[in-house]
Amino acid sequence: MNKVIKYSLLLLAITTSLVSCTKWIDLKPNDGIIREEFWQTKEQVQAAVNGIYSSMLGSTSGDLALPEYFFIWGEGRTDMVTPGFKASPQEYEFVNVNIQPNNNYTNWRALYQTINYCNTLIELAPAVLKNDATFTKAQLDQAVAEATTIRSLMYFYLVRTFRDVPMKLTATISDENIQPIPKTSGDSILTQMVSDLKASEAGLPYTYGNVNTDKGRVTRFTLNALLADIYLWQEKYAESATECDKIIASNRYGLVGGNNNLFNALYYQGNSSESIFELQYDANKLNPFYYMHLASTRRWGASARLMDEVFGVDILNAIPKVDARGDGCALRPSDLTIWKYVGANSYGNSMRAPDQSFAHWIFYRYADVLLMKAEAINQTGKSLEASRLVKTIRDRANAVDFNGTMDSTSKSGMEDFILQERQREFAFEGKRWYDVLRNAKRNNYAKVSYILNMAAISVPSDRQQVAFNKLRDKNSHYLPIYLYELQTNNLLVQNPFYK
Amino acid sequence: MQVNMKKILFYTLAASLLLMVFAIPACKKTDLKMSTTEDVNITGYLEKNADSFSLFKQILDRTENAAFLNAYGAYTCFAPTNSGVKKWFAKINVSSVETADINVLKDMVKFHLLTDTITTNSFKDGKLPIPTMFGQYLVTGVLFDGTNSSYSINRQALVTQSNIKVGNGIIHVLDNVLEPAKLTISKQLEANPNYSIFVQAMKETGYYDVLNTVDQDTTKRWITVLAESNKALADSGIATYAALKAKYSKTSSPLLVNDSLHMYMAYHITSGVKFLGDIISSPSHITFQPQEVLTVQLINQEVIINQNEFNGIVEKGILVNRKTSDNAATNGVWHDANAHFTVKYRAPTALYWDVSSFTEIMKLPAYYKKQSYTWTRQSEADQPFKDITWGWGSLAGTNTLTYSYSTTSSIAMYAYNNDCNVLPMGLPARPVSWTMTTPPIIKGKYKIWICYAQQKQSSSSNMLCQVAANGELLSRTMNFTETRPAGTDAELEAIGWIRYTENVTTQYAGKLVGVYEFKTTQSHKITIIPIGGGTQNNNNLDMIHFIPIDQDQILPRFRPDGTKVFL
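This structure is a prediction, so every number in the text was calculated from the model and none was measured. (Residues numbered from 1 in each chain as written. Chains lettered and ligands numbered in written order. Predicted model: local features only at pLDDT ≥ 70, side-chain atom pairs only at ≥ 80, totals over all residues.)

*Asks:* I tried to follow the nonpolar core on my own but got confused; where do I start?
*Replies:* Burial of nonpolar side chains together is a common tendency in soluble globular proteins. Of all hydrophobic cores here, the largest spans 223 residues; its most connected members are A:Leu121, A:Ala147, A:Leu158 and B:Ala79. Top contributing element to this core by residue count: helix 7 (residues 137-162) of chain A, with 13 residues. Here A:Leu158 is in contact with A:Trp108, A:Leu111 and A:Val165, once residues within four sequence places are set aside. Counting residues in each nonpolar core, the second largest holds 51 residues, with B:Met478, B:Leu512, B:Ile528 and B:Leu541 among its members. (Core = buried A, V, L, I, M, F, W, Y, C linked by C-beta atoms within 7 Å. Buried ≥ 20, exposed ≤ 12 C-beta atoms within 10 Å, placed from the backbone. Helix = DSSP H or I, 4+ residues; strand = E, 2+ residues; numbered from the N terminus. Contact = placed C-beta atoms within 7 Å.)

Written out as structure tokens, the structure reads:
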């Protein structure tokens with residue numbers, strides 16, 4: 001009798017545990033969708049594409065939003081900004097040319113997160129063709145091309161910022177995919193990106209039939225602009241100019257008129273006729289710039305010398321000419337606020353409200369294409385033609401001739417002038433450091449002086465000599481690999497400058 | 001029953017066996033850590049990397065430092081590698097650690113240790129913030145060898161690996177051993193034939209001995225010298241010591257403090273250990289010549305001394321040669337001036353200071369001399385002005401400085417350049433003081449006049465203030481709500497008032513706040529401090545006049561168009 005009870009109890013116990021076990025194993029998450037159930041319909045593919053764009057607006061894992069990295073990487077080391085009184089010690093490291101591997105702003109995780117979203121789509125979307133008959137090959141190609149373009153854009157940022165980084169072109173879907181990857185040289189990554197982009201070009205539409213979508217999603221012109229930029233970095237000037245010409249010849253873009261319109265159209269409203277690709281912040285998703293630039297919580301302000309030495313002050317004309325890109329557009333000179341992201345009018349007297357801080361992050365616009373083309377053809381010896389393009393940009397902005405005029409007969413003179421014009425045109429748009437570095441490293445670092453001259457302005461006086469000698473080492477132009485990455489990926493080798 | 005008992009026993013045994021099989025390994029696996037950290041200390045790190053640091057470790061052992069560097073603390077250790085130590089041994093003719101002079105080794109260890117944790121973040125153009133345990137400072141910099149840049153220490157060694165965090169501090173690895181300076185400033189200069197004239201002058205003025213002593217009191221030990229090479233002197237037409245002496249020494253002996261050669265030498269010496277990175281971090285340095293300062297500017301990345309503007313005329317300064325400067329000695333550091341310079345005698349000159357032409361407003365062409373503009377300081381830490389600040393007022397909204405411009409309002413229409421600066425002041429809640437840095441003032445005795453456009457915010461407003469020069473309170477008060485009394489110029493001056501504008505309205509008043517002797521020729525600080533219990537926003541400061549006491553205090557007067565009138 002005892003035995004019967006014992007065994008039946010035992011049996012009961014075993015069965016119960018088995019039953020509960022199977023349930024546990026089969027249980028699906030209540031708050032999410034698993035991969036096998038996703039990737040079924042074209043709507044889901046579209047949702048995944050949207051997910052890529054939204055990952056650029058802000059991180060889902062508590063990391064900083066990408067534009068915050070892009071701003072600090074592109075402006076923090078330049079003569080355009082001064083740290084505000086709330087700047088963190090790590091932000092000061094950028095100003096002081098003293099960046100350590102434990103600096104949070106050297107963390108590239110947010111970019112790889114977006115890259116992984118792209119990789120996942122590129123890998124899993126093709127299978128949807130089988131499951132959803134309404135999903136066409138053309139739609140698939142377009143989704144893959146959009147993902148490829150964004151991925152290339154991310155790698156282009158990584159290469160310009162860190163030079164050699166791990167290149168992962170396959171999706172990390174499960175724990176098995178997590179493995180250490182060594183660095184790939186920046187040059188090889190860019191070569192790969194160029195061939196990826198070329199393969200994707202045909203898949204992308206010229207337009208989505210809607211202005212906001214055309215500016216917020218990757219079109220074929222976004223890809224052309226990105227390719228032109230990569231070619232310029234690779235010193236392939238003819239190819240770069242060809243890509244620019246594709247955009248110019250399309251006649252879909254033009255420069256916004258000068259004066260008040262400029263600030264309002266380009267930065268306050270956004271998605272202007274000049275814009276090619278920008279991150280679509282709106283009331284539901286604010287950009288990270290408001291408190292960064294607001295005077296009472298300022299981490300970054302404009303450099304005090306911009307009005308005198310960059311945009312210029314007209315002292316010759318009775319009615320002074322005023323560069324439309326300076327006062328009331330790029331900055332508010334009276335308190336050195338970076339106006340592009342927080343201003344609400346071009347008179348400099350009205351700011352956005354905190355809940356209206358959705359100025360877009362502009363990756364590419366038509367002015368950039370014209371100046372990229374100018375830079376490219378100037379290198380191939382067409383300085384006169386380049387000067388005409390620069391003049392178009394300057395005339396639109398009502399620019400002041402305050403430190404000499406363009407010398408369209410000299411290649412090096414034009415190179416210098418185009419760099420200056422880019423400084424005015426793209427002030428605080430996260431391009432300055434990359435522009436200076438690209439021009440400095442051209443022809444095997446023939447013009448490292450561009451970087452040194454900038455440091456002479458931006459680095460505090462008691463650190464300048466140290467900074468000059470650091471910046472003569474070209475490895476110092478690239479950020480260190482973040483300490484956490486080095487610890488978790490044992491195949492990574494630190495940039496030798498940060499020994 | 002018997003059988004059952006046996007079975008129970010059997011099951012119990014089986015169960016406990018099973019338990020043992022599974023439970024015991026589990027127990028073994030819990031490997032409790034008994035230490036709070038596995039970080040090694042400095043000595044431990046050197047032991048762990050014996051192939052690089054065995055020699056330095058031996059030196060620490062022999063000098064009995066290994067134990068204390070293995071104990072709790074906060075140190076920075078510059079650790080030379082074995083090859084560096086070998087090079088050093090070869091240089092000082094030592095075959096091994098055992099045979100080396102123990103005192104030399106002890107000094108060497110002390111010179112490589114700092115009693116604080118210093119990361120490369122603190123490596124600037126100049127000395128580290130604290131001295132080594134040996135007593136001398138280390139100078140940092142960066143050396144570029146054509147392809148790579150490395151931190152250099154004392155121009156003797158390069159850092160090959162930096163910021164290694166260990167339990168009790170930080171290690172920086174060096175490729176060479178650092179050697180402290182052995183000679184004083186005097187001996188170093190004497191050993192260099194390029195400075196023979198300067199050294200001769202040092203000897204004859206008695207400063208050779210001053211610069212040759214190493215004071216045991218480290219607060220007095222350090223001296224900085226700006227030496228002039230023979231070439232710098234020759235460029236000014238002084239080829240020999242005799243020529244230098246003939247030019248300056250006008251008394252019986254250069255040893256006398258009133259001899260100009262003595263002054264010349266004293267003017268080249270300043271106290272404290274100041275590498276170029278330290279020199280440029282302060283706008284002026286007091287020299288051994290009483291009341292005389294060297295002013296410093298960084299122009300195009302060069303260190304320039306004594307470039308000043310007096311009454312609109314720029315006096316060109318003297319360059320300090322970077323490459324041949326920053327020479328550390330046992331009692332200080334010396335630099336190489338590119339040209340000959342000496343104390344300049346300047347007669348006190350009046351400064352009619354327009355306070356509302358400050359840098360920040362001049363950078364706003366849309367406002368400067370066109371319209372008013374108000375700045376708001378966001379917090380006490382926020383300092384938007386280079387030369388103006390004020391004691392924070394607890395009522396945050398009153399921390400505003402207004403550049404007030406008008407050609408029509410009574411406040412500014414007769415003011416110099418039609419503009420003035422306006423700052424709310426007064427206890428309990430508004431800014432409690434207003435401090436401005438003046439342009440350079442030549443040393444001497446001055447009468448100080450505060451020139452303002454009177455305004456009363458309300459009929460009961462009152463704004464009685466005291467003024468301080470360089471923190472010293474002046475004897476007389478002034479009041480922004482008071483108009484200029486009636487009377488002739490002479491009568492007014494006698495009671496401490498002037499009409500500083502061409503216009504005769506009594507609203508524009510210059511009030512004498514006292515006589516002050518500026519001891520040095522440089523920029524000074526003027527502070528206006530409200531003292532009366534009153535409080536108001538409209539304190540319109542137009543100018544401050546510094547007029548030598550023996551000069552005309554009344555004229556010139558000033559017009560709104562920016563010109564002066566002498567009647």
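There's more to say after this.
*Asks:* Sorry if this is basic, but what is going on with helix 17 (residues 383-397) of chain A here?
*Replies:* Three- or four-residue spacings in an α-helix give side chains the same orientation, since the helix completes a turn every 3.6 residues. Residue and element names in this part refer to chain A. In this model, helix 17 (15 residues) spans 21 Å end to end at C-alpha, consistent with the 21 Å of a helix rising 1.5 Å per residue. Buried residues belonging to helix 17 abut helix 16 (366-379) and helix 18 (411-425). After helix 17 finishes, the residue Asn398 shows a positive phi value of roughly 60°. (Expected span 1.5 Å × (residues − 1).)

*Asks:* Would you mind going over the domain arrangement of chain B with me for this structure?
*Replies:* By a frequent convention, interface size equals the accessible area lost on bringing the separate parts together. Residue and element names in this part refer to chain B. As assigned here, chain B comprises domain 1 (42-174), domain 2 (185-337) and domain 3 (351-565). The distance between the C-alpha centroids of domain 2 and domain 3 comes to 38 Å. Counting residues at the interface gives nine residues for domain 2 and eight residues for domain 3. Looking at the side of domain 2 that touches domain 3 residue by residue, the classes come out as four nonpolar, four polar and one charged. (Domains from an automatic or database assignment. Nonpolar A, V, L, I, M, F, W, Y, C, P; charged D, E, K, R; others polar.)

*Asks:* Help me understand the sheet that holds strand 3 (residues 126-127) of chain B in this model?
*Replies:* The strands making up a sheet associate through backbone hydrogen bonding, with each pair oriented either parallel or antiparallel. Residues and elements named next belong to chain B. Spatial ordering of the open sheet is given by 2-1-7-6-5-4-3, a layout of seven strands whose pairing is mixed. Across the chains shown, the open sheet's two edge strands, defined by having one partner strand only, are strand 2 (113-114) and strand 3. Of the strand pairs in this sheet, strand 5 (residues 149-153) and strand 6 (residues 157-166) are connected by two bridges, and their pairing is antiparallel. Looking at strand 6, one finds that Ser152 is bridged to Leu158. (Pairing = 2+ DSSP bridges.)

*Asks:* What is the right way to look at the environment of A:Phe402 in this model?
*Replies:* All names here are of chain A. Relative to the helices and strands, Phe402 is located in the loop between helix 17 and helix 18. The spatial distance from the C-alpha of Phe402 to the C-alpha of Tyr347 is 23 Å, given a sequence separation of 55 residues. With near-sequence residues (within four places) excluded, Phe402 lies in contact with Gly312, Val313 and Asp314.

*Asks:* Would you explain the domain arrangement of chain A in this entry?
*Replies:* Residues and elements named next belong to chain A. When cut into domains, chain A gives domain 1 (42-255 + 480-498) and domain 2 (290-462). Each of domain 1 and domain 2 was reduced to a C-alpha centroid, and the two centroids are 24 Å apart. Residue-level contacts link 39 residues of domain 1 with 38 residues of domain 2. Those elements giving two or more residues to the side of domain 1 that touches domain 2 turn out to be helix 3 (66-75), strand 1 (81-83), helix 4 (89-95), helix 10 (220-233) and helix 11 (237-250). For the side of domain 1 that touches domain 2, the element with the most residues is helix 11, which contributes seven residues. The class makeup of the residues in the side of domain 1 that touches domain 2 is 23 nonpolar, eight polar and eight charged.

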